[in-house]
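# Coordinate inspection notes
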Amino acid sequence: QEQSALDAARASYRNESRERALDIATTVETNFNAIYSGLRTMARLPGVRNIDRYGRNFSADAHTTVQEIYNNLASQVSMSEVYIVPRDLNPDRVDPATGSLEAPIVTFDELIVGRSGGHRSHEDDELPEIEIFEYRLMRQQAQRLSGSFNNESRVDGLAYPALTGPEVVTCDNTRFDPAHPDDKDRSGLVYSVPFYDGEGAFAGLVSGVMLTAALRELLPDGFYALHNSANQYVAPASQPGPWREAAASIAADRPASDLIYSDVIKLKIADGSGHWTLWAGQPDSLFWSRSDVRAAHTVARTGYLVALLVTLLLLLWWRSQQAHRLHIERIN
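Residues numbered from 1 in each chain as written. Predicted model: local features only at pLDDT ≥ 70, side-chain atom pairs only at ≥ 80, totals over all residues. Heavy atoms only, no water.

When helices and strands are tallied, the chain shows 9 helices and 11 strands. Residues classed as buried in the chain amount to 45% of the 332 residues present. Contacts in the chain between residues at least 24 apart in sequence constitute 67% of all its contacts with a sequence separation of at least 6. (Helix = DSSP H or I, 4+ residues; strand = E, 2+ residues; numbered from the N terminus. Buried < 20%, exposed > 50% of the residue type's maximum accessible area, 1.4 Å probe, protein only. Contact = heavy atoms within 4.5 Å.)

The next subject is the environment of Phe202. With respect to the element layout, Phe202 can be found in strand β7 (residues 202–211). Taking C-alpha positions, Phe202 is 8.4 Å from Leu145, a pair spaced 57 residues apart along the chain. Beyond its immediate chain neighbours, meaning those up to four positions away, Phe202 contacts Arg87, Ala142, Leu145, Ser146, Phe149, Asn150, Pro194, Phe195 and Tyr196.

Let us look at the packing of aromatic side chains. Overall, the coordinates contain 9 aromatic pairs when judged by the stated rule. Pairing Tyr196 with Phe202 gives two aromatic rings, centres 6.2 Å apart and planes at 75 degrees, and the pair type is edge-to-face. By the burial criterion, Tyr196 is buried, and Phe202 matches it. Pairwise contacts between aromatic rings join Phe32, Tyr191, Tyr233 and Trp276 into one cluster. Just above the ring of Tyr54 sits the side chain of Arg53; from NZ or CZ to the centre is 5.4 Å. The side chain of Arg186 reaches across the aromatic face of Phe176, ending 3.8 Å from its centre. (Phe/Tyr/Trp six-rings, centres within 6.5 Å; stacked < 30°, edge-to-face > 60°. Lys NZ or Arg CZ within 6 Å of the ring centre and 35° of its normal.)

It is worth spelling out the sheet that holds strand β9 (residues 233–236) at this point. If you walk across this open sheet you meet the 4 strands as β9-β8-β11-β10, and the pairing is antiparallel. With one partner strand each, in any of the chains shown, β9 and β10 (261–267) form the two edges of the open sheet. Sheet twist, expressed as the mean angle between neighbouring strand axes with direction ignored, is 20 degrees. Two elements, strand β8 (residues 224–228) and strand β11 (residues 276–282), share 5 bridges in a ladder whose sense is antiparallel. By the bridge assignment, Asn228 is partnered in β11 with Trp276. (Pairing = 2+ DSSP bridges. Axes fitted to C-alpha atoms, helices over the stretch in contact; angles between N-to-C directions.)

The next subject is the sheet that holds strand β5 (residues 168–169). The strand order across the open sheet built from 5 strands is β4-β1-β7-β6-β5, with neighbouring strands paired in antiparallel fashion. Of all the strands in the sheet, the pair left with one neighbour each is β4 (106–108) and β5. The pairing of strand β1 (residues 81–86) with β7 spans 6 bridges and is classified as antiparallel. Paired with Glu81 across the strands is Val209, a residue of β7. Taken strand by strand, helix α3 (residues 60–76) contacts β1 and β4, and its axis lies near 35 degrees from that of β4. Most of the contacts of helix α5 (residues 132–148) go to β7, to which it runs at about 135 degrees, and overall it touches β1, β5, β6 (187–196) and β7.

A separate point is the pattern of salt bridges. By the definition in use, this model includes 8 salt bridges. Residue Asp263 pairs with Arg18 through a salt bridge whose shortest N-O separation is 2.3 Å. Of this pair, Asp263 sits in strand β10 while Arg18 sits in helix α1 (residues 2–44), placing them 245 residues apart in sequence. Judged by relative accessible area, Arg18 falls into the partly exposed class, the value being 35%. One salt bridge in this structure joins Arg175 and Glu217, with 2.6 Å as the shortest N-O distance. (Salt bridge = Lys/Arg side-chain N within 4 Å of Asp/Glu carboxyl O.)

So, on to the environment of Gln143. Looking at the secondary structure, you find Gln143 in helix α5. Here the alpha-carbon distance between Gln143 and Gly204, two residues 61 residues apart in the chain, equals 9.4 Å.

With that out of the way, let us pick up the pairing of β8. Among the 5 residues of β8, 5 are classified as buried, and the element is accordingly described as predominantly covered. The pairing of β8 with β9 spans 4 bridges and is antiparallel. The residue of β9 that forms the bridge with Asn228 is Tyr233. The turn joining β8 and β9, which pair antiparallel and follow one another in sequence, is formed by 4 residues; a positive phi near 50 degrees is taken by Gln232.

It is worth spelling out α3 at this point. Between its first and last C-alpha, α3 extends 24 Å over 17 residues, near the 24 Å set by a 1.5 Å rise per residue. All buried positions along α3 are accounted for by Ala62, Val66, Gln67, Ile69, Tyr70, Leu73 and Ala74. The buried residues of α3 all sit within an arc of 165 degrees when viewed along its axis, so they share a single face. Exposed residues on α3 whose side chains face more than 90 degrees from its buried face are Ala60, Asp61, Ser75 and Gln76. (Expected span 1.5 Å × (residues − 1). Arc of directions from axis to C-beta.)

So, on to the side chain of Arg186. Among the secondary structure elements, Arg186 is positioned in the loop between β5 and β6. Among the residues examined, Arg186 registers a relative accessible area of 7% and is labelled buried. At 3.0 Å, the side chain of Arg186 and the side chain of Asn173 are in polar contact. Looking at Arg186, its side chain comes within polar contact range of the side chain of Asp183, at 3.0 Å. (Polar contact = N/O pair within 3.5 Å; in protein donor to acceptor, adjacent residues only side chain to side chain.)

Structure representation (structure tokens):
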């Protein structure tokens, strides 16, 4: 009876845990899909499609439209900044027209610039914003997309291709503490979609930056980790939990075999660089603390006590019968 009750509790625990994990997966997908949709919308704007290498024909109306889309995204989801990037960006080459290293055409980063550790101060204005790693990754993304999607005719309707890549140091210092510098606090992903000119030729990228620290905050309780195997990218929950001992399982996209509940859920995220998964694993203590598990143990203990009491009563009855038989034998 105890084993049957425990089996039922275990099945219920796993089902409920998977439902919670699916809710978290939906939250992550919604976050990524909102950013993807926003970047794609920007890429399709006439003002972006007509932009030249130096943004000279990027009208005030077009700039305002992109700015508002950026403001809405950055205030609602885990996005730091947006770049409009030319197809031939080479951040390690000096642009003869400007005399400086090449850079994106336009940058939208007003919600993060000049901030560190979540606040703004005079010292923040002197904190360097590192952009070169983002730029180099954007160059790789542009080269890849220009090869496979060099013309808009290769895009199926609104199913624009998208790419992330390996984690890089970004220029988002909003979580970076100069007193305790750690580049992991300003590292994240570059998520890019292509944009095309008026004739449908590949013209460059619209790229959004997401801090890993912000993505980690989408994962509660220390029970989850995001993984992209193609980029060897892992974003575990921001709180300690079973993920700390599950690095091999997370990297292999497999559940942890030593946990009563562990799972791997495939995520629907537009990303041509590789598939995404949500690893889930909960400490066994959650199962053993459940009321139905405690009830099963209580019933079992009660059953053991009843069995023991019945056994003692039977022994006493047997001893009394033996004593009675001996007494009769003596009389006879």
